[in-house]
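One letter stands for each residue in the lines below.
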Amino acid sequence: MNNHWVDLQNSKVFLIEGSNAAENHVMSMKWIRKAQEKGAIIIHVDPRFNRTSAAADIFARIRPGADIAFLGAVINYILENKLYDEKYVSLHTNALMQVNQEFGFEDGLFSGFDEATRHYEIASWGYQTDGNKKPKKAASLDDPHCVFAKLKKHYSRYTLEMGSQISGVPVEMIKKIATTYATNKPGTIMYALGMTQHTVGVQNIRCYGILQLLLGNIGVPGGGVNALRGEPNVQGACDMAVLNGYMPGYLSYPAHNEPTLKDWTKNYGTFRAKFLVNNLKSWFGDNAKPENEFGYGWLPKRSLKINHSVYGFFDSAIKGDLKMMYIIGQNPMVSNANLSLTFEGLSNLETLVVHELFETETAAFWRRPGTDPKTVKTEVILLPADYFMEKDGTITGSGRMVQWRYKAVDGPGESKSDLEIIDAVFRRVRDLYKDSTDPKDRAIEAAVWNYPQQGMAEAVLQEINGFDLKTGKPVNGIADLQADGSTSSGCWIYAGVFKGGKNLTKRRDSKSDPGGLGIYPGWAWTWPGNMHILYNRASCDENGQPFDPKHKLVWWDADLKKWVGFDTPDVPVPTDGPDTPNGQRAFRMNGEGVGRLLAASYKDFDPKATDKELPRDSSYVPKDGPMPEFYEPVESPTANALHPKVQNNPCLKYPRIKGKQPIGTVEKFPYVLMTSSLAEHWLSGSVTRNVPWLYELYPEPVVEVPEKLAKNLGVNTGDLVKVSSARGEVTVKAAVTRRMETLQVNGKEVTTVWMPYNWGFMGLNTGPSTNYITIDATDPGAGTQETKACLVNVTRAEGGNRG
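Residues numbered from 1 in each chain as written. Predicted model: local features only at pLDDT ≥ 70, side-chain atom pairs only at ≥ 80, totals over all residues. Heavy atoms only, no water.

With that settled, consider a nonpolar patch on the surface. A contiguous nonpolar patch, built from Met324, Tyr326, Ile328, Ile422 and Val425 and spanning about 380 Å² of accessible area, is present on the exposed surface. Counting residues per element, the ones that place at least two in the nonpolar patch are strand 12 (324-328) and helix 17 (418-432). The element best represented in the nonpolar patch is strand 12, accounting for three residues. As for its placement among the helices and strands, Met324 is situated in strand 12. (Patch = residues over 30% accessible without salt bridge, like charges linked within 9 Å, V, L, I, M, F, W, Y side chains within 5 Å. Areas by Shrake-Rupley, 256 points an atom, 1.4 Å probe, with all protein chains shown as cover. Salt bridge = Lys/Arg side-chain N within 4 Å of Asp/Glu carboxyl O. Helix = DSSP H or I, 4+ residues; strand = E, 2+ residues; numbered from the N terminus.)

Ranked by internal contacts, the top residues of the largest apolar core, which has 79 residues, are Leu15, Phe70, Phe148, Tyr208, Leu211, Leu214 and Leu597. With 10 residues, helix 4 (residues 67-80) is the largest single contributor of residues to this core. Excluding anything up to four places from it in sequence, Leu597 contacts Val89, Thr93, Asn94, Ala95, Val147, Leu151, Arg206, Ile210, Leu213, Leu214, Pro626 and Met627. Formed by 43 residues, the second largest nonpolar core is a distinct cluster that contains Phe271, Trp404, Ala447 and Tyr494. (Core = buried A, V, L, I, M, F, W, Y, C linked by side-chain atoms within 4.5 Å. Buried < 20%, exposed > 50% of the residue type's maximum accessible area, 1.4 Å probe, protein only. Contact = heavy atoms within 4.5 Å.)

This part takes up the pairing of strand 32 (residues 790-796). Within strand 32, five of the seven residues are buried, which leaves the element mostly enclosed by the surrounding structure. Pairing analysis gives three bridges linking strand 25 (residues 671-676) to strand 32, with the strands arranged antiparallel. Counted as the bridge partner of Val672 is Leu791 from strand 32. The sheet contact formed by strand 27 (residues 720-724) and strand 32 spans four bridges and is antiparallel. Among the inter-strand pairings, Val723 is bridged to a residue of strand 32, identified as Val794. (Pairing = 2+ DSSP bridges.)

To continue, consider the packing of aromatic side chains. The full count for this structure, using the stated rule, is 29 aromatic pairs. Ring centres of Phe49 and Phe59 lie 5.1 Å apart, and the angle between their planes is 85°; this geometry places the pair in the edge-to-face category. Of the two residues, Phe49 is situated in the loop between strand 2 (41-46) and helix 3 (51-55) and Phe59 in strand 3 (residues 58-61); the sequence distance between them amounts to 10 residues. Ring plane angle 45° and centroid distance 5.7 Å describe the contact between Tyr191 and Tyr208, whose orientation is recorded as tilted. Pair noted here: Tyr191 is in strand 8 (residues 187-191) and Tyr208 is in helix 10 (residues 201-214), with a separation of 17 residues, a long-range link. Looking at Tyr191, the relative accessible area reads 12%, which means it is buried. Relative accessible area serves as the criterion here: at 0%, Tyr208 is assigned to the buried category. Taken together, Phe103, Phe105, Phe110, Phe113, Tyr120 and Trp125 form an aromatic cluster joined through their ring pairs. The positively charged end of Lys301 is found above the aromatic ring belonging to Tyr296, 4.7 Å away from the centroid. (Phe/Tyr/Trp six-rings, centres within 6.5 Å; stacked < 30°, edge-to-face > 60°. Lys NZ or Arg CZ within 6 Å of the ring centre and 35° of its normal.)

The next subject is the packing of helix 4 against helix 8 (residues 171-183). At their nearest, the axes of helix 4 and helix 8 sit 9 Å apart, and the two run at 60° to each other. Comparing the axis directions of helix 4 and helix 8 gives the class oblique. Crossing of helix 4 against helix 8: the hand is right-handed. Together, Phe70, Ala73, Val74, Tyr77 and Ile78 of helix 4 and Ile174, Lys175, Ile177, Ala178, Thr179 and Ala182 of helix 8 make up the contact between the two elements. Across the contact of helix 4 with helix 8, the residue classes break down as nine nonpolar, one polar and one charged. (Axes fitted to C-alpha atoms, helices over the stretch in contact; angles between N-to-C directions. Parallel < 35°, antiparallel > 145°, perpendicular 65-115°, else oblique. Left-handed = near helix turned anticlockwise from the far one by under 90°. Nonpolar A, V, L, I, M, F, W, Y, C, P; charged D, E, K, R; others polar.)

Written out as C-alpha cells, the structure is:
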C-alpha cells in the first residue's frame, strides 16, 4: 500500500476493482464508511455483485480479464478531456522526458520483441539522453517525442466504445466512472487478487499507477494505489524475500550472469548495493569482508533460464529435476491451479517436508481419495507448527505497519514456533556440513547463526533492524547504513524498527495524531522510517509547499532548513531543500526521481562518481512492456479486438510442459469461470474449515450460475451440476443468482460463473477443489496464475453424487 488503512477516511472517491473488500478485508470498510459519511463516493468494478457492490454508489459489471481495456478507456478519456493534473504531471512524473526515437508499438507488440524467445530487448524503451546520460526534457507536454505524447498516442485506441466492446461495461458507465473519479480528489484505488491473478497481472497494476499519477493522487492523504494484502503477515513475508526473485527488502536476487558484486551493481546501482552489503553483513558477520565482496560469492546464483516460481517448481518436480520440497504455511494441494499437476509433482519427489498447523491436503496428498498410497514413493515429513496465538513476534499488514504480538497460549503437543523449527533444522544441517571442503557449502559454515533460545523473536527483529558494528548498538534508520561493511541490516527497509535500542513495534499510542490525518506516529512502527504515506514529497510543489494547504502532510521549512511534517518526509536527505536536485526527487526509489508513466529502460549515473561504470540507480522495467496493453486471457471466449494477430500476452510461455497443460476452447467450454475466497473461509481453508461454526455458515462449495444460464440448463438452486474444463471436472451444487449476469462482449453474449476455491479432502469440512479445473498459465513477470479467468462448461449432473 502506498498509504494505509486509517488514511482511507481522507479519500473523496474510491475505485475498488479486483477486490471484494467488504468480505475479504472487512476492517477496510470501517474507514471507507467514515469517508462515505463525509460524502465520499464508492465505485466498485467487478464481474460479481457482492457485499462491496452493495455498499457502492456506482457499480459496474466487467468481464473477467478485461480490466486493461476498461482502465485504458478511463485513462484515454482523462487524457482527451484534460482532466489530468498538469502541474503535478509536469513536475512529478517523467511526462516531459523525451523517448528514444526507436521506440514503437505496432499490432500488439512493442519494439524489440523476439518471437523465438518470446522476450523483449528493451534498449529502444529508453530516453534520449544528454552528455551526462540524463534524460532530455521537452519544453511542453505537446512535444511529440515526450513520454506524455507517447502515452496519449498509445491510449488513443482505447475509446469508450472499444473499452465497452471488450469489457462489457456500457459506454455511459465508463464515462461516468472516469468523470467521477477524475473530478473528486483525492481518490484512492484498492485492489487485491482480482487484479493480480491474471497473465497480465503486473500491467493491470501499472494501469493504476498511471491513472493515479495523471490525477496527482500519489503521495497525498486519501490517495495511493493500495494493495489489500492477504492474511495479516503476507506483507511481512514479501518484505523478507518470500518472492523468488528478491532478497530481503526487494533487492533483486543475484542471477547467473552476475557472478560478482560489481556485476550486480552494474545492473542495480550503488544505491541498492549498499543495502545488499548490509544484508550480507547481517548473514555472514565478520566473515563478510571487502576483499571477499562481503560473501557475495557464497550466494547460489539464480539461473535466468529456469522458472523459479511455485509453478516452475512443480514443473521441475514432474520432470524429475527437483527432488525435495520444504513447504511452510502453504497448501498447494488446494491453492495451486491445475491441481492434477500439483499432485503429479508431489508424487514425483523423493522427500516432502510440510511445516504446518494441521495435516493438510499437501501433507496428506498420498491419501487423496482414489489414490493408492502404495503407488506414491515420496517420503513425507510433517513438522507441527504453532498458530499465531502460540508464539511471540511481529506481523506486517497492509499499510506496512509492523506490530508486535504476544504469545497467548502454549501450542499443543510437540508443536514449535516457526523460528524454533527453522533454527533446529539449520543447526542440524550445519552439523552435517561441518567437515565439507566443497566451496558451494561455504555459505552454511560462514553464516552467523547464534540466536538465543529465550527471546528468539526479538533477537531476530534486532538483526533485521541492524547494528553499527563499531559500537554494537542498533542503527537508528536507513541513513545510518554504510556501504563499507561497518553496519549491518537483515532487511534495510526495517532499519529503525529498533531505534534507540527499543522495540518500536510494541508502541501503542492511540491518542497522538498531530495533523489529524490518522497517522498516529506513536502506534507501532511502519516501514520505511515510520513513514505512513510513501512518496509524500509529491504532495508539495516545486518550492516544497503543499499543493493542498488544508491537508498538508510534509513541507520544506525554510527557517529550520529541513523537510518537516506530520509524517516522515519521503526525501533522499532531509536537509536538501527544493533548490537542490535531491529536493526535487519525489520518487527517489526510481532512477529518474519522478513517477513513471512509461516504464523506460534507464540507469542513473552520478557524474561525480569515481567508477564511471557503475550507475547510482537503475529503474525497473516490466518484462512485457513499458506501458500496459490489453491481451486476452489464455482461455478466452472471444478474439482480441485491438490486435487479432496477438491474442495473449506475447511474453507468456504456455503450455510449459507438452501434453500436460491443455488449453480449452470456447466451442467446448462456452462459459468464463472466476474464482475467489469467502468471508467465512480463508485461502485453502486448512484453518477455517476446521472451525465448526464456520462450517455451519458455509458448509460446501457451490457454483453461482446466472438466472438466464440456469433457465437454459434447467437447473435450480441446490441441483447438482458438473463444472468441467480442459483440465478436469468437479460436481457441486448450483446457486442460481442475480449476482452474476450475462454481458455483451464483442457483439455476442458472454456468461460468467463463479466458484470459491477453499475446499479440499482433509479436515472437518471437506469438498471438491475448484482448482482441479483452473488454468496454471502465469504472468511472465510475477509468476501469478490466471485463476480469475478460464473457460468451463456447466451441465446437469444427472443422477450424479456430490463430488
